[in-house]
Amino acid sequence: MIKKMGYQWHLRLLMAQKGMFATTDLVPLLAERGVHLSREQVFRLVTQPPQRLSMDTLAALCDILECSPNDLIEVQVVTAPVRKAAGGRGQAVQSAQRTIVRRPSGT
């Protein structure tokens, strides 16, 4: 087995819990905290898991959403079985996992 790390990005969910449904809602709030991103950059940040994220942006998001980094980023371990290839080298085989979105109870 190969141990691979993955993560779930919960920015959109946390925004919805705070009543923010438009990605442009974040632009002025980030700017107030010294993080100047374009509308397009904020849209990508909300709709796609970021590959890189500055600590300033992470801290600003946590302040805006009144959460911790653990609330935004859920680290997951994804294991993949190793299958022998014809050449004798191990090759990782990965299967897709379904994402389950759970709504907070009581809302």
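In short, a report on the structure. Treat the numbers as computed from the prediction; the structure is a model and nothing was measured.

**Focus: the overall build of the protein chain**
Part 1 of the reasoning: On a plain count of helices and strands, the protein chain comes out with five helices and four strands.
Part 2 of the reasoning: N-terminal to C-terminal, the α/β element order of the protein chain is β-α-α-α-α-α-β-β-β.
Part 3 of the reasoning: Within the protein chain, contacts between residues separated by at least 24 positions form 61% of all contacts whose residues are at least 6 apart in sequence.
Part 4 of the reasoning: Accessible surface, the protein chain: about 8100 Å² in total, of which carbon and sulfur atoms supply 51%.

**Focus on helix 4 (residues 55-65)**
Part 1 of the reasoning: Listed as buried for helix 4 are T57, L58, A60, L61, C62, I64 and L65.
Part 2 of the reasoning: Positioned one or two residues after helix 4, E66 has a phi angle of 50°, which is positive.

**Focus: the state of the cysteines**
Part 1 of the reasoning: On inspection of all chains with the given rule, the structure shows zero disulfides.
Part 2 of the reasoning: Free of any disulfide, C62 has its nearest neighbouring cysteine sulfur in C67, separated by 4.3 Å.
Part 3 of the reasoning: Here C62 falls in the buried class, since its relative accessible area comes to 10%.
Part 4 of the reasoning: On the basis of relative accessibility, which here comes to 16%, the residue C67 falls in the buried class.

**Notes on the nonpolar core**
Part 1 of the reasoning: In this structure, L11, M15, L26, L30, L61, L65 and L72 are the most contacted members of the largest nonpolar core, which totals 19 residues.
Part 2 of the reasoning: Per-element accounting of this core gives the leading share, six residues, to helix 4.

**Here we look at a nonpolar patch on the surface**
Part 1 of the reasoning: A cluster of nonpolar residues, M5, Y7, V75 and V77, forms a patch on the protein surface that exposes about 380 Å² of accessible area.
Part 2 of the reasoning: Elements supplying a minimum of two residues to the nonpolar patch: strand 1 (2-9) and strand 2 (73-80).
Part 3 of the reasoning: Looking at where Y7 falls in the secondary structure, it is placed in strand 1.
Part 4 of the reasoning: By relative accessible area, Y7 is classed as partly exposed at 31%.

**Thoughts on the environment of E66**
Part 1 of the reasoning: Looking at the secondary structure, you find E66 in the loop between helix 4 and helix 5 (69-72).
Part 2 of the reasoning: Separated by 52 residues in sequence, E66 and L14 place their C-alpha atoms 9.4 Å apart.

**Structural notes on the layout of surface pockets**
Part 1 of the reasoning: Of the pockets and cavities examined, the second largest pocket occupies roughly 240 Å³.
Part 2 of the reasoning: Contributing to the lining of the second largest pocket are L37, Q41, R44, L45, Q48, P49, P50, Q51, R52, L53, S54 and T57.
Part 3 of the reasoning: It is helix 3 (residues 39-47) that provides the largest number of residues to the lining of the second largest pocket, a total of three residues.
Part 4 of the reasoning: For the lining of the second largest pocket, the per-class residue count stands at five nonpolar, five polar and two charged.

Reading the values: the criteria
Residues numbered from 1 in each chain as written. Predicted model: local features only at pLDDT ≥ 70, side-chain atom pairs only at ≥ 80, totals over all residues. Heavy atoms only, no water. Helix = DSSP H or I, 4+ residues; strand = E, 2+ residues; numbered from the N terminus. Contact = heavy atoms within 4.5 Å. Areas by Shrake-Rupley, 256 points an atom, 1.4 Å probe, with all protein chains shown as cover. Buried < 20%, exposed > 50% of the residue type's maximum accessible area, 1.4 Å probe, protein only. Disulfide = S-S within 2.5 Å. Core = buried A, V, L, I, M, F, W, Y, C linked by side-chain atoms within 4.5 Å. Patch = residues over 30% accessible without salt bridge, like charges linked within 9 Å, V, L, I, M, F, W, Y side chains within 5 Å. Salt bridge = Lys/Arg side-chain N within 4 Å of Asp/Glu carboxyl O. 1 Å grid on protein atoms, 1.4 Å probe; cavity = no way out; pocket = protein on both sides within 12 Å on 5 of 7 lines; lining within 4 Å. Points joined across faces, edges and corners; volume = space filled by probe spheres on them. Nonpolar A, V, L, I, M, F, W, Y, C, P; charged D, E, K, R; others polar.

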